[in-house]
Amino acid sequence: MKLSRRSILLGAGSLPFAVASLRTGALAQTAPATQNAEVPPILFVHGNGDYDALWMTTLWRMESNGVARDRMAAINFTDPNARSDDKVEQANRSSTEDQRRELAAAIADLKRRTGAARVALVGSSRGGYAIRNVIRNGGTGDVSHAVLCGTPNHGVFATDDQPNNEFNGRGTFLRGLNEGESEVTPGTAFLTMRSDGMDKYAQADGRFIGKPGTPTGVTVEGPELKGATNLVLGALDHREVAFHPRAFREIYKFIAGREPARIAIVPEQSVRLSGLVTGTPGGVSTNRPVAGATVDVFRVDPDTGERRGGAVHSAKTGADGRWGPAQVEPSWFLEFVLTSPDAPTTHIYRSPFARSSDVVHLRAARPLGPADKDAGAVVIMSRPRGYFGLPRDVVLLDGKEPADVKPGVPTDSAATLRLPAAEAGRNIVAQFGEERIVARAWPASENRIAIAELTY
């Protein structure tokens, strides 16, 4: 049966009039109907350089629709960054085979815990490579659904150089995944989701990968696959096609076979938080645990960022790098103070946590560098689940649009404010859309950095 092109008005968000267009390749598959069956266990797979904590809001939305937390998991790849040459070892970086092996083990563990015969996989960006690699190499019997969000399935670039770079559409790895009339593996239902021109890794011009004016050989349609159901989610960026509420709707609908009952996150009455402290050995972000780090959690005033009393939780990490659990209320704005070996003391300000989570991971800020030498205080506004798009989004740091956020296609997930010494200690407002966080500008002379970390 040939599926006709259609448009779907998605749920509320920062872009209320964006639509999702359905595109189907040859031999398109339809997700199995599960209207009267239990949703299969779901394993979430993060992208290059990321960690499982990015799926926190998606996990909350799944829970808010009745999916039990113990029937979901999110993998934390040991070394999340790709090698520049997939065949050559690099410290604290992983090969495609490393990721395939770790994901296969996580699938086996989720099946064992739940007793399910098959699981659903949802991947962001590079995470989709590991999903496809597992399925293509004998894993289709373990995987009922595969959802690939912004995965550069035909490369970030497609050229004749760098044949062993996994992001090269003409390279060895992707040619192996894409060969054949259908680019998906029979027996598993595939869904891809992509942006309509706002994904920095699906652009014809190389300026987004450091080669301005050089054709990449890829297009905005690069994430699509022949044989999959292919959705276009409007003007969402590379990360939002995985973590935005509209992306959640399509993920849930494809796996469950029905619309979610709600998009909003249902708060819990009491919230327990815990997570992992990780580091950046050699300047490379890893998910390896950091021992001997101290984590202090404070409740702060939402309007001033000032602390309300003493620490509500204090802990020192052991060999496993874990901190918590901290008991908090779902209405509290929080400050996490991370004192980690060989790193600045990092003050992380967060919006209230609506539900409990064991993936509240903390990574120390990068060391103060040459650009910070004259700064009395450094405040970073960070958006891990998306990028800042100007003029698409409301983005304000201390009442102004950040000068280091480039307009047009969203490319920046962090903005930095440097203040003179006389202004150290004052409060800084970070605003993205309707999310507002107030942080304190701690003195750089004390080797401290503040981060206003957005949740949405």
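Note that the coordinates shown come from a computational prediction; the quantities given were computed from them, not determined experimentally.

Parameters at a glance
- Residues numbered from 1 in each chain as written.
- Predicted model: local features only at pLDDT ≥ 70, side-chain atom pairs only at ≥ 80, totals over all residues.
- Heavy atoms only, no water.
- Buried < 20%, exposed > 50% of the residue type's maximum accessible area, 1.4 Å probe, protein only.
- Helix = DSSP H or I, 4+ residues; strand = E, 2+ residues; numbered from the N terminus.
- Pairing = 2+ DSSP bridges.
- pLDDT = per-residue confidence, 0-100.
- Contact = heavy atoms within 4.5 Å.
- Axes fitted to C-alpha atoms, helices over the stretch in contact; angles between N-to-C directions.
- Right-handed = clockwise from strand over helix to strand, strands pointing away.
- Salt bridge = Lys/Arg side-chain N within 4 Å of Asp/Glu carboxyl O.
- Polar contact = N/O pair within 3.5 Å; in protein donor to acceptor, adjacent residues only side chain to side chain.

**Focus on the pairing of strand E18 (residues 414–419)**
Remark: a regular strand shows side chains that alternate across the two faces of the sheet. On E18, burial follows the alternation: Ala415, Leu417 and Leu419 on one face are buried, whereas Ala414, Thr416 and Arg418 on the facing-out side are not. Both strand E16 (residues 377–382) and E18 contribute to a ladder of six bridges, which runs antiparallel. Bridging across to E18, Met381 finds its partner in Ala415.

**A few points about the confidence of the model for the protein chain**
With 92% of its residues at a pLDDT of at least 70, the protein chain reaches an overall mean of 92. Below a pLDDT of 50 lies the segment residues 1–20, which in the model reaches 45 contacts outside its immediate sequence neighbourhood of four places, other chains included.

**Here we look at unusual backbone geometry**
The omega torsion across Gly324 and Pro325 is 5°, close enough to zero to call that bond cis. Relative to the assigned elements, Pro325 resides in strand E12 (residues 322–328). Each neighbour pair has its own omega, and for Leu390 with Pro391 the value is 10°, a cis peptide bond. Of note, Pro391 is situated in the loop between E16 and strand E17 (395–397). In this structure, Asp398 is a non-glycine residue whose phi angle is positive, near 60°. Structurally, the position occupied by Asp398 is in the loop between E17 and E18. Phi is positive for Asn447, which is not a glycine, with a value near 60°. Residue Asn447 is classed as partly exposed on the basis of its relative accessible area of 36%.

**What about the sheet that holds strand E9 (residues 271–278)?**
The three strands lie next to each other as E12-E9-E15, forming an open sheet whose pairing is mixed. One side of each edge strand has no neighbouring strand; the edge strands of this open sheet are E12 and strand E15 (362–363).

**Things to note about the sheet that holds strand E20 (residues 435–440)**
With antiparallel pairing, three strands are arranged side by side in an open sheet as E17-E19-E20. What marks the edges here is a single partner per strand, and that holds for E17 and E20. The mean angle between the axes of side-by-side strands here comes to 15°, regardless of whether they run parallel or antiparallel. Pairing between E17 and strand E19 (residues 427–432): three bridges, direction antiparallel. Paired with Val395 across the two strands is Phe432, which belongs to E19.

**With respect to the pairing of strand E7 (residues 189–194)**
Counting buried positions over the six residues of E7 gives six, a clear majority of the element. Judged by which residues are buried, E7 turns out to be covered on both faces: Ala189, Leu191 and Met193 on one side and Phe190, Thr192 and Arg194 on the other are all buried. Relative to E7, strand E6 (residues 143–149) is paired through five bridges, and the arrangement is parallel. Of the residues in E7, the one forming a bridge with Cys149 is Met193. Regarding topology, helix H4 (residues 172–178) serves as the crossover connection from E6 to the parallel E7, and that connection is right-handed. Sheet analysis places E7 next to strand E8 (residues 229–232), joined by four bridges and oriented parallel. Within E8, the position partnered with Thr192 by the bridge is Asn230.

**Concerning the pattern of salt bridges**
According to the stated counting rule, one finds 35 salt bridges in the structure shown. The closest approach of N and O atoms between Glu250 and Lys253, which form a salt bridge, is 3.6 Å. With Glu250 and Lys253 both in helix H6 (residues 245–256), this residue pair falls three residues apart, about one helical turn. As a salt-bridge pair, Lys406 and Asp412 come within 2.9 Å of each other at their nearest N and O atoms. Shared partners join several salt bridges into a network, and the residues in it are Glu63, Arg69, Glu268, Arg355 and Asp358.

**Side note on the side chain of Glu335**
Relative to the assigned elements, Glu335 resides in strand E13 (residues 333–339). Overall, the relative accessible area of 0% leaves Glu335 in the buried class. At a separation of 2.8 Å, a polar atom in the side chain of Glu335 contacts the side chain of His347. Among all residues touching Glu335, those that are not within four sequence positions of it are Asp296, Val297, Phe298, Val300, Arg307, His347, Ile348, Tyr349 and Trp442.

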